[in-house]
Amino acid sequence: ATAEQQAGTEDRKVGVSKAQESNRGLIETQPVRGTRDFAPDDYRLRQWLFGEFEAVSRLFGFEQFETPVLESEELFVRKAGEEITQQLYNFEDKGGRRVALRPELTPSLARLILAQGGRLGLPAKWFSIGQCWRYERTTRGRRREHFQWNMDVIGVPGVAAEAELLAAIALFLERLGLSAQDVVIKVSSRKVLQAILERYGVPDEAVGPVSVIVDKMEKIPLEKVEEELTQAGLSREAMDGIIGATRIDSLPDLQQLLGADSEAFVELQTLFSLAEGYGIAQYLQLDTSCVRGLAYYTGTVFEGRDRAGQLRAIFGGGRYDQLLSTFGGQAQPCAGFGFGDCVILELLQDKGLIPKLSHKVEDLVIVLDESLRASASSIGQKLRRAGRRVDLVLEAKKMKWVFKQAERCGAERLIIVAPDEWERGMVRVKNLSARDEKDMAVDELLALSHRAGQD
Ligand SMILES: CC(=O)Nc1cnc2ccccc2c1
């Protein structure tokens, strides 16, 4: 708002809007920093994407759940230096509670699983799509919210769970027109780091925090990583051992490093052979530099990347067998993934795979005489009950506008309620695609519509 507007001293202009009239400038119309609006065009694309998330989840027999975006802060307070907990969108509510907008869905899932107590049938295969938040310092101007699709398997200790999850992702990618030529899934296991750290007498508890540091290796200089590993208490040898262990990219090399009977090797070998059964092995790439930045993973970890290497991770996941016990509950083996709604759209954009989605109704109904409005409304209702999407024009409009509107909403038929025809109990039906037009009785129109409404 200009200083004049703020002072309310601007002189009165012809046609001053309500906002100006109330002596205020136009309100801020942009959404809060880091957040997005979804106007209809954007919402259609989002609904298409979420529809694919849901369709694939159901094809795998997963059940949908939801938890509140607002959670107790304690769910996310972890002492492993994760970026996600350092950017918590947290505050104290009017009741003095420490609360936070969830930065991820997995802790909420764990809470809901624990709330089920013994009632929970295992294995549980659950999925959810929810908005997640972070308070990212505006330095990077990055977004502060995104939507995440999560699929999780609770109660299955073997990597058959991870194979199912990876197969679900592969089917999702295939349905969108992507393939293993476009996307690589890097796979590894926290048990690699665990085995290496054991060699240097570093306790298992360090695996999480060390992984969080190693996960930054791609984004910050090696010296910085080494500095943080030193601060985490690692000796030079341990550090060299860790960094050397992130350079393995084949099962034989992993066997060489850890031995054929190491858990990490056996699990990953099993996972790769299960993947063959699904026909998704060509997506998978063993890569021990993939450690993921969440502290609670305890076993396999994986992340999806575009093969061109231009984009951030498309999705990420892994096994987190200790999360429920860290919440004081009975431990349950868990594996899952989170799939965000932004990088995938960038990739689809790059590949020319964003679908063209437009507003669509079947029938546009207009009246040529306002005295017939009640008749038009009742025809609209009958058509809607027959399953037709009807855009009923709500005020007198010139035919030029009507045809423009028909085009805008993709209408197949224009139904005109006019005095002369109505006298004879007829309406005029213009078939906009076949460019033919005829008068028909309402019953005939409905019979026609009923069949069309079913297909
Ligand atoms: C590309 C992008 O906006 N990513 C994004 C945006 N908001 C988030 C919010 C919480 C956690 C991760 C997030 C990630």
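See above for the structure.
Residues numbered from 1 in each chain as written. Predicted model: local features only at pLDDT ≥ 70, side-chain atom pairs only at ≥ 80, totals over all residues. Heavy atoms only, no water.

> Would you mind showing me how to read the overall build of the protein chain here?
Within the protein chain, the secondary structure is distributed over 18 helices and 16 strands. At 29 Å, the protein chain has a C-alpha radius of gyration far larger than the 23 Å of a compact globule built from 455 residues. In terms of principal-axis extent, the alpha carbons of the protein chain reach across some 95 × 65 × 45 Å. When each of the 455 residues of the protein chain is scored for burial, the buried share is 46%. Contacts spanning at least 24 positions in sequence make up 66% of the contacts within the protein chain whose residues lie at least 6 apart. Working note: accessible area of the protein chain is about 23200 Å², and carbon and sulfur atoms make up 51% of it. Across the protein chain, the centroid of the 60 positively charged side chains sits 5 Å from that of the 68 negatively charged ones. (Helix = DSSP H or I, 4+ residues; strand = E, 2+ residues; numbered from the N terminus. Rg over C-alpha atoms; globule rule 2.2 N^0.38 Å. Buried < 20%, exposed > 50% of the residue type's maximum accessible area, 1.4 Å probe, protein only. Contact = heavy atoms within 4.5 Å. Areas by Shrake-Rupley, 256 points an atom, 1.4 Å probe, with all protein chains shown as cover. Lys, Arg positive; Asp, Glu negative; His and termini not counted. Charge placed at Lys NZ, Arg CZ, Asp CG, Glu CD.)

> Sorry if this is basic, but what is going on with the site of the ligand here?
What surrounds the ligand is the set Pro103, Cys132, Trp133, Arg134, Arg143, Arg144, Glu145, His146, Arg312 and Cys342. A distance of 3.3 Å is found between a nitrogen atom of the ligand and a backbone nitrogen or oxygen belonging to Glu145. Protein contacts shield 86% of the accessible area of the ligand, which totals 350 Å² for the unbound molecule. Of all the secondary structure elements, the ones that give two or more residues to the shell around the ligand are strand S5 (124-133) and strand S6 (145-154). Here the shell around the ligand is built from residues that sort into four nonpolar, one polar and five charged. (Near = heavy atom within 4 Å. Polar contact = N/O pair within 3.5 Å; in protein donor to acceptor, adjacent residues only side chain to side chain. Nonpolar A, V, L, I, M, F, W, Y, C, P; charged D, E, K, R; others polar.)

> Would you mind going over the nonpolar core with me for this structure?
In a soluble, globular protein the nonpolar side chains are often hidden away together inside. Trp149, Phe172, Phe339 and Ile344 are the most contacted members of the largest nonpolar core, which totals 74 residues. In terms of residue count, the dominant contributor to this core is helix H6 (residues 160-175) (10 residues). With near-sequence residues (within four places) excluded, Phe172 lies in contact with Leu49, Glu52, Phe53, Val56, Trp149, Phe339 and Ile344. Core analysis: the second largest hydrophobic core is formed by 18 residues, Leu112, Ile113, Ala124 and Leu323 among them. (Core = buried A, V, L, I, M, F, W, Y, C linked by side-chain atoms within 4.5 Å.)

> Can you walk me through the packing of helix H7 (residues 190-199) against helix H10 (residues 236-245) in this structure?
Between two packed helices, what matters for the description is the angle formed by their axes and the separation of those axes. Where H7 meets H10, the axes come as close as 9 Å, and the angle between the chain directions of the two elements is 155°. The angle between H7 and H10 places the two elements in the roughly antiparallel class. Crossing of H7 over H10 shows right-handed handedness. Between H7 and H10, the residues in contact are Val192, Leu193, Ile196 and Leu197 and Gly241, Ile242 and Ala245, respectively. (Axes fitted to C-alpha atoms, helices over the stretch in contact; angles between N-to-C directions. Parallel < 35°, antiparallel > 145°, perpendicular 65-115°, else oblique. Left-handed = near helix turned anticlockwise from the far one by under 90°.)

> Please clarify how the sheet that holds strand S13 (residues 390-392) should be interpreted in this entry.
Two pairing modes exist for strands in a sheet, parallel and antiparallel, and in both the strands are linked by backbone hydrogen bonds. Pairing is mixed in the open sheet, where five strands are placed in the order S13-S12-S14-S15-S16. Single-partner strands in this sheet number two, and they are S13 and strand S16 (436-441). Between one strand axis and the next, the sheet turns through 25° on average, direction left out of account. Pairing of strand S14 (residues 413-417) with strand S15 (residues 426-431), which is carried by four bridges, proceeds in the antiparallel orientation. The residue bridging Arg413 from the neighbouring strand is Asn431, located in S15. (Pairing = 2+ DSSP bridges.)

> Even after reading the chapter, I still don't get the pattern of salt bridges, so can you show me in this structure?
Once the charged atoms of two side chains with opposite charge are near each other, the side chains can pair. By the definition in use, this model includes 44 salt bridges. With its nearest N and O atoms 3.1 Å apart, the salt bridge here joins Arg78 to Glu104. In this pair, Arg78 sits in the loop between strand S2 (70-72) and helix H4 (83-86) while Glu104 sits in the loop between strand S4 (98-101) and helix H5 (106-116), placing the two residues 26 residues apart along the sequence. Note on accessibility: Arg78 and Glu104 belong to one class, buried. Taken together, the shared-partner salt bridges connect Lys186, Glu218, Asp287, Arg292, Glu303 and Arg305 into one network. (Salt bridge = Lys/Arg side-chain N within 4 Å of Asp/Glu carboxyl O.)

> Explain the side chain of Ser189 to me, please; I cannot follow it from the model alone.
Relative to the helices and strands, Ser189 is located in strand S7 (residues 183-189). A polar contact of 3.0 Å, which involves the side chain of Ser189, links it to the backbone nitrogen of Lys191. Side-chain polar atoms of Ser189 contact the backbone oxygen of Gly299, separated by 3.5 Å. Once residues within four sequence positions are removed from consideration, Ser189 is found in contact with Glu267, Leu268, Gly299, Thr300 and Val301.

> Could you clarify how one ought to interpret the packing of helix H3 (residues 40-59) against H6 in this entry?
Where H3 contacts H6, the two axes come as close as 10 Å, and the packing angle between them is 135°. The orientation of H3 relative to H6 falls into the category oblique. Every pair of crossing elements has a handedness; the one defined by H3 and H6 is right-handed. Each of Leu49, Glu52, Phe53, Ala55, Val56 and Leu59 in H3 lies in contact with H6, whose residues at this interface are Ala168, Leu171, Phe172 and Arg175. In terms of residue class, the contact of H3 with H6 is made up of eight nonpolar, no polar and two charged.

These results come straight from atomic positions and should not be treated as a statement about function.
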